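Summary of the model geometry
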Amino acid sequence: MLMSALTPLSDLEARDEFVARHIGVDAADEGRMLSAIGAASRAALVDAIVPRSIARGSAMSLPPAVPEAQALSELKSLAARNRVLRSHIGQGYYGTHTPTVILRNVLENPSWYTAYTPYQAEISQGRMEALVNFQTMVCDLTGMAIANASMLDEATAAAEAMTLAARVGKSKSSTFFVADDVLPQTLEVVRTRARPLGMTVVTGPADQAGQTDCFAALFQYPGVNGQVRDLRPLTEAVHARGALAVVAADLLALTLLTPPGEQGADIVVGTTQRFGMPMGNGGPHAAYMATRDDFKRSLPGRLVGVSVDAHGAPAYRLALQTREQHIRREKATSNICTAQVLPAVVASMYAVYHGPQGLKRIAQRVASFTAVLAQGLASLGWATTHDTAFDTLEVRTGEQTEALLAAAVAAGMNLRRASASTVGISLDETTTREHVQALWQVFAQGRPLPSWDTAEKGVAPLIPQALRRTSPYLTHPVFNTHHSETEMLRYLRSLSDKDLALDRTMIPLGSCTMKLNATSEMIPITWPEFAHIHPFAPQDQLQGYVQLNEQLCAWLSQATGYAGISLQPNAGSQGEYAGLLIIQAYHEARGQGHRNICLIPESAHGTNPASAQMAGMQVVVTKCDADGNVDLDDLRAKCEQHSERLACVMITYPSTYGVFETRVKELCELVHAHGGRVYVDGANMNALVGVAAPGEFGGDVSHLNLHKTFCIPHGGGGPGVGPVCVVADLVPFLPAHRSAGLGSEAQVGAVSAAPLGNAAVLPISWMYMRMMGAEGLKAATETAILSANYIAARLDGPYELHFSSNVPGIKGGGVAHECILDLRPLKESSGITAEDVAKRLIDYGFHAPTLSFPVAGTLMVEPTESESLAELDRFVEAMLAIREEIAKVERGEWPREDNPLKNAPHTAESLLKAEWNHAYTREEAAYPLASLRRQKYWPPVGRVDNVYGDRNLFCSCVPLSEYQ
Ligand SMILES: *Cc1c(COP(=O)(O)O)cnc(C)c1O
């Protein structure tokens, strides 16, 4: 009797305790949800909805789940296999001190990292202010007129500058000139991008650009070898040929150097990494792009602009081509979607915190240490290749190169192997006297060290007089106010208080999978063993990352059924692009290089056709039927019509309509029969993990969005990771990284600046999979499906569901992990639009679902497995209350043009005005549900006027007069 009352030890150990932390629905909730849906069990529901023909043959083989503490300790041991040496490698990556107030209150703060891309302007004013600060900072430092809100990395930014120059320039040439002192990884990515577009990349000494017939030329400022070159003769020579000048510039150097914008540059790109983001083995960091004013309507990526709200007050919003790919599709010019918002916020805050004087002092210190180092090396008898420098010297080391590199490593430092006979040394914000001394020590080879005496009096930097910056920068008050830690802390808090992120409410965005980003997943990303690693450090120092890469790829292989994976692409869009290049390389390798037709259903996400266009493919759009499925007859007809030239089809599964198409296997077989390959967009993997694997049911290539399914937070619009996954016969073509010495001839070129892309956020997905195990991950998928069906069941009737699987007996008909609410009939009956409902949800304290994608006039709701039944019900209550408000408009109780929906969201200020001339009460506006009295979010602005903002494009900090 007594014995049987004891709990077995293994139960007490609760190895899967994290699963119940990640999944918000408990057993009792599940029962209630199932009965609302009309399903007997979670398994029965999933069986009824997921076509049996695609169900996995066997469970995923993953290590069993472990609790949070154990996973952290295992990862710590893995991290310890990285060797953190001081980096003097440079080449685009530098040591930096993340101000701890920014580290804790931005980078490690869920109010910033769990935010979504600011499509809903009214609940995103805080992060958009930070992004406008970023854009202003980039414009000021580069001397350009307009800058966007971040690019993925410097190399892809340079490649985007190339295609931008080809579009906006007048030259007929198809040659892009790259100066030979451009960062090697930039050259490599530019080459990858140029090839499918039929562009030729020519390299040579910078001053040969003017003699080359090209449409644009790329210069590095300062060069990879440290040289600070006058750009004016170069840009003039390029312009004289009718070509454009692109400059990749270092922002810290620009605090001291004449900016490219004052030297004739047309486009300026670069990274903001050294503004407070750790090197992180290559990412994530925000890159930037700035241009002349006349190119502003052609800028890729996102641009935050200033507009006005319904009350005439200034308000921020995403401007112009915010969803360029969705609108222009295969005519889109760039596929960039998820960018690098969180790192951009960090960089902008670094500038806010240090201000122009602080940044200048940091830069002067770096430049002075560089000059001191050069003097000392000269006194030791070492010559450098150039006599100008900001932070980098290239030392002529002759036969001694290897010995010096090894001596440096032995002393705890990495130098750059610039060539067989030269060594590069870069200094940065973290450099101290001791470091300079240690460098001298390496080069002294036993001789007495140089003295500090002359240095003590001050040293002239190696920046040529003619290139010293005279123009002011960062003059706006925001960069000159928050310099004490108290002020900075409160500024950060004031901004995040304006926004809604996952730390306050569910964000039910269809296709975006805004699930829990657990704290234990986030903790490791700032561990020094992951954070302070240079991506081009010797491989033997990167063994922790090597193992992280291997394990994560192996686990993701289990989840997807694919044979090979590369984690290099740093967003979903980049995974798509890499996947299409792989398909192309495969056809070419078989002598079928003429296959360039890419079939894409009309329901596809905009990045799909944009990526195909960038890969030089011809997009043929195929139809969908009334149920939201790919129209197989149309697809068959197009396969037959283009059989000879068919490269691939790009589908999303389950479809962007949230439907598990039952005939997907047939579709794959059809495309294969015509010699094409099947690309399965994996953005909806949250409906599949543990249940079905695209690599098993016919897919050949997929990308994943680790920032959707695998818990990397959205960061307000990045960072992301978009692994490209392939079946066995495509493994030989996975992206290489030749400038890091990785890859064979067959492989496609690098698609990111760093070999492991946004490496430093990979621990997040590793932790998630390690703590969930195979069963936990499957339970997550099933719960995500359950929750979406619960919402569909509760809202079916009051609202019209757009698509469903028509499963008999299931209320709502059965959807995948998201459901689409069709607001178009209500617009007919009441004049209320999907946008009005999205804005009214703000008054109820919610972030809107996905608006008008994939179908205009709809809302797509994806609750994810992480939300509790209480939160799902809070959302359902809000949607039902809104439906009742719409009914009042339908019945004529409220005018069609003056009701709480049309006027939403309501600011506190607008409700406190003495005058109130509306057909509804202030209470009805602010507290439509009693629960809102206990917890209320007040939007800082009223509805933002999009049209005004686009007509009056203004993308820098608001002038002081409007600041209050
Ligand atoms: C999010 C998404 C993408 C693009 O991914 P990014 O990481 O934003 O580049 C592509 N396809 C679908 C269906 C998506 O939802």
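For the protein, the name recorded in an unreviewed UniProt entry is Glycine dehydrogenase (decarboxylating), with Caldimonas caldifontis as its organism. Heading Catalytic activity (unreviewed entry) of the UniProt record for the protein holds this comment: "N(6)-[(R)-lipoyl]-L-lysyl-[glycine-cleavage complex H protein] + glycine + H(+) = N(6)-[(R)-S(8)-aminomethyldihydrolipoyl]-L-lysyl-[glycine-cleavage complex H protein] + CO2". Listed in UniProt under the heading Sequence similarities (unreviewed entry), the comment for the protein reads: "Belongs to the GcvP family."

What follows deals with the environment of Thr 513. Mapped onto the elements of the fold, Thr 513 is located in the loop between α17 (485–497) and α18 (519–522). Expressed as a C-alpha distance, the spacing of Thr 513 and Gln 273, which sit 240 residues apart in the sequence, is 28 Å. Not counting residues within four places of it along the chain, the set of residues in contact with Thr 513 comprises Ala 683, Asn 686, Lys 708, Thr 709, Glu 862 and Thr 864. Of note is the side chain of Thr 513, whose polar atom sits 2.7 Å from the side chain of Glu 862.

All right, on to the site of the ligand then. Taken together, 14 residues are adjacent to the ligand, and Thr 338, Ser 511, Asp 681, His 707 and Lys 708 come closest. Isolated, the ligand exposes 380 Å² of accessible area, and the fraction of that covered by the protein chains is 98%. Looking at the shell around the ligand, the element that brings in the most residues is helix α21 (residues 572–589), giving three residues. For the shell around the ligand, the class distribution of residues is three nonpolar, eight polar and three charged.

Counting through the fold element by element, Asp 29 comes out in helix α3 (residues 27–37). Its relative accessible area of 11% is what places Asp 29 among the buried residues. Look past the residues within four positions of Asp 29 in its chain and what remains in contact with it is Gly 24 and Leu 869.

It is worth spelling out the pattern of salt bridges at this point. Should the charged atoms of two oppositely charged side chains come close, the side chains can pair. All chains considered together, the criterion is met by 44 salt bridges. A salt bridge links Glu 30 to Arg 42, with the shortest nitrogen-to-oxygen separation between them at 3.1 Å. Note that Glu 30 is positioned in helix α3 and Arg 42 in helix α4 (residues 42–49), a separation of 12 residues in sequence. With respect to class, Glu 30 is no different from Arg 42; both count as buried. The residue Lys 778 makes a salt bridge to Glu 782 at a minimum N-O spacing of 3.8 Å. Taken together, the residues Lys 778 and Glu 782, both in helix α26 (residues 762–795) and four residues apart, mark about one turn of the helix. Overlapping salt bridges bring together Glu 30, Arg 42, Lys 778 and Glu 782 as one network.

Okay, the domain arrangement of the protein next. Considered domain by domain, the protein is made up of domain 1 (115–340) and domain 2 (528–760). Relative to domain 2, the C-alpha centre of domain 1 lies at a distance of 26 Å. Contacts between domain 1 and domain 2 engage 40 residues on the former and 55 residues on the latter. Of the roughly 3600 Å² buried between domain 1 and domain 2 on both sides combined, carbon and sulfur atoms contribute 56%. Taken as a group, Glu 188, Asn 281 and Asn 335 account for 20% of the area that domain 1 buries against domain 2, more than any other trio of residues on that side. Counting across the interface, domain 1 meets domain 2 through one salt bridge. A salt bridge links Glu 588 to Arg 195; the nearest nitrogen and oxygen atoms lie 2.9 Å apart. Taken together, the connections running from domain 1 to domain 2 amount to 22 residue pairs in polar contact (both at pLDDT 80 or more). At the level of elements, α9 (154–168), α10 (184–194) and α12 (324–328) are the ones that each hand at least two residues to the side of domain 1 that touches domain 2.

For the rest of this paragraph, the subject is the sheet that holds strand β16 (residues 597–601). The mixed open sheet is built from seven strands, whose spatial order is β15-β21-β20-β19-β18-β16-β17. Edge strands, defined here as strands with exactly one partner in the open sheet, are β15 (564–566) and β17 (618–622). For this sheet, the mean angle separating the axes of adjacent strands, direction not counted, is 20°. As judged from the three bridges shared by β15 and strand β21 (residues 724–726), these two strands associate in the antiparallel manner.

This part covers the packing of helix α6 (residues 100–107) against helix α13 (residues 341–379). In the contact formed by α6 and α13, the axes pass within 10 Å of each other and the chain directions differ by 145°. α6 and α13 meet at a crossing whose hand is right-handed. Of α13, the residues touching α6 (which contributes Val 101, Ile 102, Val 106 and Leu 107) are Leu 342, Val 345, Val 346, Met 349, Tyr 350 and Tyr 353. Residues of the contact of α6 with α13, tallied by class, amount to 10 nonpolar, no polar and no charged.

Counted according to the given criterion, the structure contains zero disulfides. Just so you know, Cys 648 is unpaired, no disulfide at all, and the nearest cysteine sulfur is the one on Cys 598, 3.7 Å from it.

Burial analysis of strand β7 (residues 267–271) places five of its five residues in the buried class, the great majority of the element. Burial along β7 is two-sided: the residues Ile 267, Val 269 and Thr 271 and Val 268 and Gly 270 are all buried. Strand direction decides the pairing type here: strand β6 (residues 244–249) and β7, joined by three bridges, are parallel. Residue pairing in the sheet places Ala 248 in a bridge with Val 269 of β7. Two strands pair when backbone bridges link them, and β7 and strand β8 (residues 287–291) are joined in this way by five bridges, in the antiparallel orientation. If you follow Gly 270 over to β8, its bridge partner there is Tyr 288.

With the rule as written, the count across this model stands at 18 aromatic pairs. Judged by centre distance (5.4 Å) and plane angle (85°), the rings of Trp 382 and Phe 443 are edge-to-face. Here Trp 382 is found in the loop between α13 and β11 (392–396), whereas its partner Phe 443 is found in helix α15 (residues 433–444), with 61 residues between them in sequence. For the pair Trp 382 and Phe 443, a shared accessibility class is recorded, and that class is buried.

About the criteria used
- Residues numbered from 1 in each chain as written.
- Predicted model: local features only at pLDDT ≥ 70, side-chain atom pairs only at ≥ 80, totals over all residues.
- Heavy atoms only, no water.
- UniProt positions renumbered as here; feature names shortened; annotations may be inferred.
- Helix = DSSP H or I, 4+ residues; strand = E, 2+ residues; numbered from the N terminus.
- Contact = heavy atoms within 4.5 Å.
- Polar contact = N/O pair within 3.5 Å; in protein donor to acceptor, adjacent residues only side chain to side chain.
- Near = heavy atom within 4 Å.
- Areas by Shrake-Rupley, 256 points an atom, 1.4 Å probe, with all protein chains shown as cover.
- Nonpolar A, V, L, I, M, F, W, Y, C, P; charged D, E, K, R; others polar.
- Buried < 20%, exposed > 50% of the residue type's maximum accessible area, 1.4 Å probe, protein only.
- Salt bridge = Lys/Arg side-chain N within 4 Å of Asp/Glu carboxyl O.
- Domains from an automatic or database assignment.
- Buried area = accessible area lost by both parts, 1.4 Å probe.
- Pairing = 2+ DSSP bridges.
- Axes fitted to C-alpha atoms, helices over the stretch in contact; angles between N-to-C directions.
- Left-handed = near helix turned anticlockwise from the far one by under 90°.
- Disulfide = S-S within 2.5 Å.
- Phe/Tyr/Trp six-rings, centres within 6.5 Å; stacked < 30°, edge-to-face > 60°.

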